[in-house]
Amino acid sequence: MRNFVLAGLAAAAFVFGPTAAEAGRDLDAIKARGTLRCGVQGPSNPGFGVPNAQGVWGGFNVEVCRAIAIAIFNDPSKVEFVPVTTQSRFPALTNGEVDVLSSNTTWTLTRDTGVNRFNFPAIVFYDGQAIMVPRRLNVTSARGLNGATVCVQPGTTTELNLADFFRQHNMTFRPVVIEALDELRRAYDQGRCDIFTNDFAALAAQRTLLSNPRDHVILPERISKEPLAPTIRQGDEEFTNIVAWTVFALIDAEEFGITQANVDQIAGSATDPRIRRLLGVEPGMGTAIGAANDQYARTIIKAFGNYGEMFERHLGVNTPLGLERGHNNIWTKGGLLYAPPAR
């Protein structure tokens, strides 16, 4: 009988998740502070994160952070945005200056398992490293860049991938290493280096800021895999769950055809149990992840739409970046975006 009771208690804990008193150390600190500190690459990362003239941040990565704030506080405004560089982002996260990085950070083995271990709860953008060159060079392939001078940021997977690619193809290059992205872009624009390398989406964003964007072309090769994810410190599984299931809610919403415009209508009429659970019509999912309430996903979708709406608004073909969905489409449409079952 005693074993039966203990098993029942364990099952209840699994179903209903942690209580507020049992929340993880980082999540407790965030709730006590009353704001989520989000590290974003900026201030010049068009499409992903840029402050407007009034200092209000907007962009794809910014909305991911605001969505997490809804899951925690039921309020998208309870976010403090902290600009970080490729060099400062991990110390800022380790030292507690920020709670989460939403800054085009790649999930890698050593970042997952190193001295300062990080969690990457859910991939939010699939990218690959690319190379941009002036059109006047008439270069059509990265393999034609032997001896090139390359603008690259230090302390990044970009720098390591660059060295691997040139070594693999028995080519040499001369690096121009500059930490600040704005300064690096200016160096390339001024002709201090022949090529500029970064993740494809980041290059597309930086190209919009060049003096003559149409004079530059991004070569077709992708020399790496770059799964980008919100990044947090290891040691708080409750916070990990909230970040992960925030991203998954955006993906599920697109798969189920739930949009910013129709979310309330669907919540009121849905018979599909998956949708009813996602939108909090049937309770339990919010409690299970430690969210503010069971309607966290519904509130997020009302504020920002689904994943596809966020993508098209900030990054898509009708924006200055002009990105196709590609890998960043849902799995039912040939992409890689796939959320675990919310049950």
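Computed from a predicted model, the values in this text were never measured in an experiment. (Residues numbered from 1 in each chain as written. Predicted model: local features only at pLDDT ≥ 70, side-chain atom pairs only at ≥ 80, totals over all residues. Heavy atoms only, no water.)

As for the overall build of the protein
Stage number 1. The secondary structure content of the protein amounts to 14 helices and 14 strands.
Stage number 2. The C-alpha atoms of the protein give a radius of gyration of 21 Å, which matches the 20 Å a tight globule of 343 residues would have.
Stage number 3. Along the longest, intermediate and shortest principal axes, the C-alpha atoms of the protein span 75 × 45 × 40 Å.
Stage number 4. In the protein, 72% of the contacts between residues at least 6 apart in sequence involve partners at least 24 apart.
Stage number 5. Taken as a whole, the protein presents about 15500 Å² of accessible surface, with 52% of it coming from carbon and sulfur. (Helix = DSSP H or I, 4+ residues; strand = E, 2+ residues; numbered from the N terminus. Rg over C-alpha atoms; globule rule 2.2 N^0.38 Å. Contact = heavy atoms within 4.5 Å. Areas by Shrake-Rupley, 256 points an atom, 1.4 Å probe, with all protein chains shown as cover.)

Description of the pairing of strand β1 (residues 36–41)
Stage number 1. The element β1 is extensively covered by neighbouring structure, given that five of its six residues are classed as buried.
Stage number 2. Pairing of β1 with strand β4 (residues 79–84), which is carried by six bridges, proceeds in the parallel orientation. Looking at β4, one finds that Cys38 is bridged to Phe81.
Stage number 3. Both β1 and strand β5 (residues 100–101) contribute to a ladder of two bridges, which runs parallel. The residue bridging Cys38 from the neighbouring strand is Val100, located in β5. (Buried < 20%, exposed > 50% of the residue type's maximum accessible area, 1.4 Å probe, protein only. Pairing = 2+ DSSP bridges.)

Some remarks on the sheet that holds strand β9 (residues 148–152)
Consider a sheet: its strands pair through backbone hydrogen bonds, and that pairing is either parallel or antiparallel.
Stage number 1. Judged by pairing direction, the sheet is mixed, and its five strands sit side by side in the order β10-β9-β11-β8-β12 without closing on themselves. The two strands at the open ends of the sheet, each matched to only one other strand, are β10 (173–177) and β12 (216–218). Pairs of neighbouring strands in the sheet enclose a mean axial angle of 30°, with direction left out of account.
Stage number 2. Bridge count for β9 against strand β11 (residues 195–199) is two bridges, and the pairing is parallel. (Axes fitted to C-alpha atoms, helices over the stretch in contact; angles between N-to-C directions.)

Focus: the packing of helix α3 (residues 60–73) against helix α14 (residues 307–314)
Stage number 1. Look at α3 against α14: their axes get within 9 Å of each other, and the N-to-C directions meet at 145°. Touching Phe60, Glu63 and Val64 of α3 are Tyr307, Met310, Phe311, Arg313 and His314, all from α14.
Stage number 2. Of the residues assigned to the contact of α3 with α14, the class counts are five nonpolar, one polar and two charged. (Nonpolar A, V, L, I, M, F, W, Y, C, P; charged D, E, K, R; others polar.)

As for the sheet that holds β4
Stage number 1. The strand order β4-β1-β5 describes an open sheet built from three strands, whose pairing is parallel. The sheet is open, and its two borders are formed by β4 and β5, each paired with just one other strand.

Concerning the pattern of salt bridges
Stage number 1. By the definition in use, this model includes 11 salt bridges.
Stage number 2. Residues Asp99 and Arg33 are paired through a salt bridge, measuring 2.7 Å at the closest nitrogen-oxygen approach. A residue pair is termed long-range when its members are at least 10 positions apart, and Asp99 in the loop between α4 (89–94) and β5 and Arg33 in helix α2 (residues 25–33) qualify at 66 residues.
Stage number 3. Arg33 gets classed as partly exposed once you look at its relative accessible area, which sits at 30%.
Stage number 4. Of the charged contacts in the structure, one is a salt bridge between Glu254 and Arg325, with a shortest N-O distance of 3.0 Å. Here the residue Glu254 occupies a position in helix α9 (residues 237–255), and Arg325 occupies one in the segment after α14, the gap between them amounting to 71 residues. (Salt bridge = Lys/Arg side-chain N within 4 Å of Asp/Glu carboxyl O.)

What to know about the state of the cysteines
A disulfide bridge is the covalent bond that connects two cysteines by way of their sulfur atoms.
Stage number 1. Evaluation of the coordinates by the stated rule reveals two disulfides.
Stage number 2. Linked covalently through their sulfurs, Cys38 and Cys65 form a disulfide whose S-S length is 1.8 Å. In this structure, the disulfide formed by Cys38 and Cys65 twists by about 45° around the S-S bond and is classed as right-handed. Placement of Cys38 in strand β1 and of Cys65 in helix α3 is noted, with a sequence separation of 27 residues between them.
Stage number 3. Using a relative accessible area of 0% as the deciding quantity, one classes Cys38 as buried.
Stage number 4. Given a relative accessible area of 1%, Cys65 falls into the buried group.
Stage number 5. Covalent S-S linkage joins Cys151 and Cys193, the inter-sulfur distance amounting to 1.9 Å. Taking the sign of the S-S torsion, about -90° here, the bridge from Cys151 to Cys193 comes out left-handed. One end of the pair, Cys151, is in strand β9; the other, Cys193, is in the loop between α7 (181–189) and β11, with 42 residues separating them in the sequence.
Stage number 6. Given the relative accessible area of 0%, Cys151 is considered buried.
Stage number 7. Among the residues examined, Cys193 registers a relative accessible area of 4% and is labelled buried.
Stage number 8. Should the bonded cysteines of the protein be numbered as they appear in the sequence, the pairing reads 1-2, 3-4. (Disulfide = S-S within 2.5 Å.)

Digging into the packing of aromatic side chains
Stage number 1. Per the stated rule, a full pass over the model turns up 14 aromatic pairs.
Stage number 2. Residues Trp331 and Tyr338 carry aromatic rings whose centres are separated by 5.0 Å and whose planes lie at 50° to one another, so their mutual orientation is tilted.
Stage number 3. In this structure an aromatic cluster arises from ring pairing among Phe48, Phe60, Phe125, Tyr307 and Phe311.
Stage number 4. Here the guanidinium or amino end of Arg325 rests over the ring plane of Phe311, the centre of that ring lying 5.2 Å away. (Phe/Tyr/Trp six-rings, centres within 6.5 Å; stacked < 30°, edge-to-face > 60°. Lys NZ or Arg CZ within 6 Å of the ring centre and 35° of its normal.)

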